Amino acid sequence: MSPDQGFPANASAAPDASEQPKLRADLLLISDMVEKASRVLDIGCEDGALLEYLGREKQVTGRGIELSQAGVNACVARGLSVIQGDADTDLVNYPDDAFDYAVLSQTLQAVRAPHLVLQQLARIGQRAIVSFPNFGYWKVRRRLLLRGRMPVTKVLPDQWYETPNIHLCTIRDFLILCEELNIEVEKSLILDESGRVTMARSLWLANLVGQQAIFLLRRKA
């Protein structure tokens, strides 16, 4: 099955982030994918905002991994169970199906080996939730085409020489990688520049108008 054929029909079925309590748009949508009282590992959890929200609103048992010491300190100050660690090297230490959900939000593009990290997510969690900026977004294409320069957008705010992102991809690239790794897409959400879910009905359109994407994944049987 090609990525175009496998693009989920429910891609636009999600609550409006503007109607939710205040939290970053993609994190709110990720929280909607998580079942109550589940076990969650948040990789690259930053200041722990998602883990805190899930603990309060959905009574999850949450754990986190964060690379920066400042992020770990912020999480500990919130009373969260978070350790300092690197997604590229430390996920191998977790057993299979240790969590109901393994979350990687806006971090995939910053790791050294995205394909290996994605494999680990699908192994550690019964489901994985991944969000990332879409390098196929039309404003990114326009800047490259007309100005010949690396894009700077709301979700890609840094100049090329200071960005932490080292493996940018498009939505199509990500779906092809999932196929190669035998990972199934259960649900996809395509977000526009305002963080709202778009009504894109095809992969071609989603790859053009989506500034970022969120995917609910699991290993194929």
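Everything numeric here is computed off the predicted structure, so don't read it as measured data. (Residues numbered from 1 in each chain as written. Predicted model: local features only at pLDDT ≥ 70, side-chain atom pairs only at ≥ 80, totals over all residues. Heavy atoms only, no water.)

Side note on the side chain of Ser105
Right, on to step 1. Structurally, the position occupied by Ser105 is in strand β4 (residues 99–105).
Right, on to step 2. When its relative accessible area of 4% is taken as the criterion, Ser105 is described as buried.
Right, on to step 3. Side chain to side chain, Ser105 and Asp26 meet in a polar contact 3.0 Å long.
Right, on to step 4. A polar side-chain atom of Ser105 sits 3.3 Å from a polar atom in the side chain of Ser131. (Helix = DSSP H or I, 4+ residues; strand = E, 2+ residues; numbered from the N terminus. Buried < 20%, exposed > 50% of the residue type's maximum accessible area, 1.4 Å probe, protein only. Polar contact = N/O pair within 3.5 Å; in protein donor to acceptor, adjacent residues only side chain to side chain.)

Quick look at the sheet that holds strand β6 (residues 183–191)
Right, on to step 1. In spatial order, the strands read β3-β2-β1-β4-β5-β7-β6; together these 7 strands make up an open sheet with mixed pairing. The open sheet has two free edges, formed respectively by β3 (82–84) and β6, since each of these has just one partner strand. Strand after strand, the sheet turns through a mean of 15 degrees between neighbouring axes, direction not considered.
Right, on to step 2. Examined bridge by bridge, strand β1 (residues 39–43) and strand β2 (residues 61–66) share 5 bridges and lie parallel to one another. For Asp42, the partnering residue across the bridge sits in β2 and is Gly64.
Right, on to step 3. Contacts between helix α3 (residues 69–77) and the sheet are confined to β2 and β3, with β3 contributing the most and set at about 160 degrees to the helix. (Pairing = 2+ DSSP bridges. Axes fitted to C-alpha atoms, helices over the stretch in contact; angles between N-to-C directions. Contact = heavy atoms within 4.5 Å.)

So, the pattern of salt bridges
Two side chains carrying opposite charge are able to pair once their charged atoms lie near each other.
Right, on to step 1. Under the definition given, this model contains 14 salt bridges.
Right, on to step 2. Between Arg24 and Asp26 there is a salt bridge; the shortest N-O distance is 2.7 Å.
Right, on to step 3. The class of Asp26 is buried, set by a relative accessible area of 2%.
Right, on to step 4. Among the salt bridges present, the one from Glu193 reaches Lys139, with a minimum N-O distance of 2.7 Å. Pair noted here: Glu193 is in the loop between β6 and α8 (203–209) and Lys139 is in helix α6 (residues 138–147), with a separation of 54 residues, a long-range link.
Right, on to step 5. Given a relative accessible area of 33%, Glu193 falls into the partly exposed group.
Right, on to step 6. Residues joined by salt bridges that share partners form a network here, namely Arg127, Glu184, Glu186 and Arg218. (Salt bridge = Lys/Arg side-chain N within 4 Å of Asp/Glu carboxyl O.)

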